[in-house]
Amino acid sequence: MIHDTDRAPAGALFQDTGQRLSHMSRVKTLQALFKRYRRPGDIVFAWLFLAFALFLLFHLTSQTQYKPGGKVFAQPRFWPAVSLIGMTVFAALHLLGSALSERIEGRWREVGFWLRSLEYAGWFIAYAAAVPYLGYLPSTVLAALLLAIRAGFGSPRVLGAAVLSAIAIVLLFKSFLQVKLPAGQVYEYLPDGLRQIMLTYF
């Protein structure tokens, strides 16, 4: 004869197994919800983007203002807060989706490619630093030539096209649109008439 006390361990075992299966089902459903195609380096980008979003969010109160008595939507802090909160939430979802997706080889090779790309940010910084000294026209022509050579285009035809493009850019922004740019210190050594033309149009 089998008593009820003998059935209790089996019932508890079935209940525990059911709970585990339910938990596994929820985990698999979560993975299926966020799983996606993951590119090399995606997890690194996800972490960096989330860290950047949190950094901006933590500095929100020191960089924006709140005016007592004003309307909520008109507060200087309201829309930056909305955008940064949304940015942080979506960055976290991106990280979660990347972590739950299958990894693809080549993560650090991709990160190395990103770091090499920072070289061109350095080129731009050097160009911006040269403009107050060399002037807009000489700096733009020099930058166009150097970047063309750096990219592997060394033929006279391509270099000539780079120079013409640089001159066209200068004429568009400085002469036609009259964008205010620093005058090159080197222009001070030019004759009076030519110096005035360079300061005005180039």
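Only a predicted model underlies this, so the values are computations on that prediction, with no experimental measurement involved.

S.K.: A description of a nonpolar patch on the surface should follow, citing residues and the corresponding values.
M.R.: Judged by side-chain polarity, Y133, L134, L142, L146, V186 and Y189 come together as a nonpolar surface patch covering roughly 610 Å² of accessible area. At the level of elements, α5 (107–134) and α6 (136–150) are the ones that each hand at least two residues to the nonpolar patch. Relative to the assigned elements, L146 resides in helix α6. Its relative accessible area of 35% is what places L146 among the partly exposed residues.

S.K.: Please set out the packing of helix α2 (residues 42–58) against helix α4 (residues 78–100) residue by residue, giving values where relevant.
M.R.: Two elements in contact, α2 and α4, have axes whose closest approach is 9 Å; the angle formed by their N-to-C orientations is 160 degrees. In terms of their interaxial angle, α2 and α4 are classed as roughly antiparallel. In this structure, the crossing between α2 and α4 has a hand that is left-handed. Touching D42, I43, F45, A46, W47, F49, L50, F52, A53, L54, L56 and L57 of α2 are L84, I85, M87, T88, A91, A92, H94, L95, S98 and A99, all from α4. Its residues assigned to classes, the contact of α2 with α4 comprises 18 nonpolar, three polar and one charged.

S.K.: Any details on the pattern of salt bridges? Residues and values, ideally.
M.R.: Evaluation of the coordinates by the stated rule reveals one salt bridge. As a salt-bridge pair, R150 and E119 come within 2.6 Å of each other at their nearest N and O atoms. Placement of the pair is R150 in helix α6 and E119 in helix α5, with a sequence separation of 31 residues. Looking at E119, the relative accessible area reads 28%, which means it is partly exposed.

S.K.: Describe the side chain of S98, naming the residues involved and giving the relevant values.
M.R.: Position of S98 relative to the elements: it lies in helix α4. On the basis of relative accessible area, S98 is assigned to the buried category, the value being 0%. Within the structure, S98 has its side chain in polar contact with the side chain of D42 (distance 2.8 Å). A distance of 3.4 Å separates a polar atom in the side chain of S98 from the backbone nitrogen of I43.

S.K.: Go over the environment of F202 with me, naming the residues and quoting the values.
M.R.: Within the secondary structure, F202 is located in the segment after α8 (192–201). With residues up to four places along the chain from it excluded, the contact list for F202 reads Y136, L137, V170, L171, K174, Y187 and I197.

S.K.: An account of the packing of aromatic side chains is needed here, citing residue identities and associated values.
M.R.: The tally for this structure, following the rule as stated, stands at three aromatic pairs. For the pair F78 and W79, a centre-to-centre distance of 4.7 Å together with 80 degrees between the ring planes defines the contact as edge-to-face. Judged by centre distance (6.4 Å) and plane angle (50 degrees), the rings of F124 and Y127 are tilted. Highlighted residues: F124 and Y127, both in helix α5, separated by three residues, approximately one helical turn.

Each value, and the rule that gives it
- Position labels on residues start from 1 in each chain and follow its written sequence.
- Predicted model: local features are reported for residues with pLDDT of at least 70 only, side-chain atom pairs are reported and counted for 80 or more only, and whole-chain, interface and lining totals are derived from all residues.
- Derived side-chain values reflect all non-hydrogen atoms in the structure, with water molecules and hydrogen atoms excluded from consideration.
- Only residues whose relative accessible area exceeds 30% and that take part in no salt bridge are eligible for patches, with like-charged residues grouped when within 9 Å of each other and nonpolar side chains (Val, Leu, Ile, Met, Phe, Trp, Tyr) grouped when within 5 Å.
- Computed by Shrake-Rupley with a 1.4 Å probe, the accessible areas treat only the displayed protein chains as cover when residues are assessed.
- We define a salt bridge as a contact between a side-chain nitrogen of Lys or Arg and a carboxyl oxygen of Asp or Glu at a distance within 4 Å.
- Per the convention used, a helix needs a DSSP run of H or I reaching at least four residues, while a strand needs a run of E reaching at least two, with both numbered from the N terminus.
- The cut-offs for exposure are 20% and 50% of the maximum accessible area for each residue type, with area from a 1.4 Å probe on protein chains only; residues under the lower value are buried, those over the upper are exposed, and the others partly exposed.
- A fitted line through C-alpha atoms represents every axis, and for helices the fit uses only the stretch in contact; the resulting angles, taken between N-to-C directions, go from 0 to 180 degrees.
- Here the angle decides the label: under 35 degrees means roughly parallel, over 145 means roughly antiparallel, 65 to 115 means roughly perpendicular, and every other value means oblique.
- Take the far helix as your reference; a near helix turned counterclockwise from it by less than a right angle gives a left-handed crossing, and one turned clockwise gives a right-handed crossing.
- Residue contacts are defined here by distance: any two heavy atoms, one from each residue, within 4.5 Å place the two residues in contact.
- Asp, Glu, Lys and Arg are counted as charged, while Ala, Val, Leu, Ile, Met, Phe, Trp, Tyr, Cys and Pro are counted as nonpolar; the rest, among them Gly, fall into the polar class.
- Polar contacts, as used here, are pairs of N or O atoms within 3.5 Å; protein pairs need one atom able to donate a hydrogen and one able to accept it. Residues neighboring in sequence count only if both atoms are side-chain atoms.
- The pairing test for Phe, Tyr and Trp rings, Trp by its six-membered ring, is centres within 6.5 Å, and the orientation test on the planes gives stacked under 30 degrees, edge-to-face over 60, and tilted for anything in between.

By themselves, these are just geometric observations and shouldn't be taken as functional.
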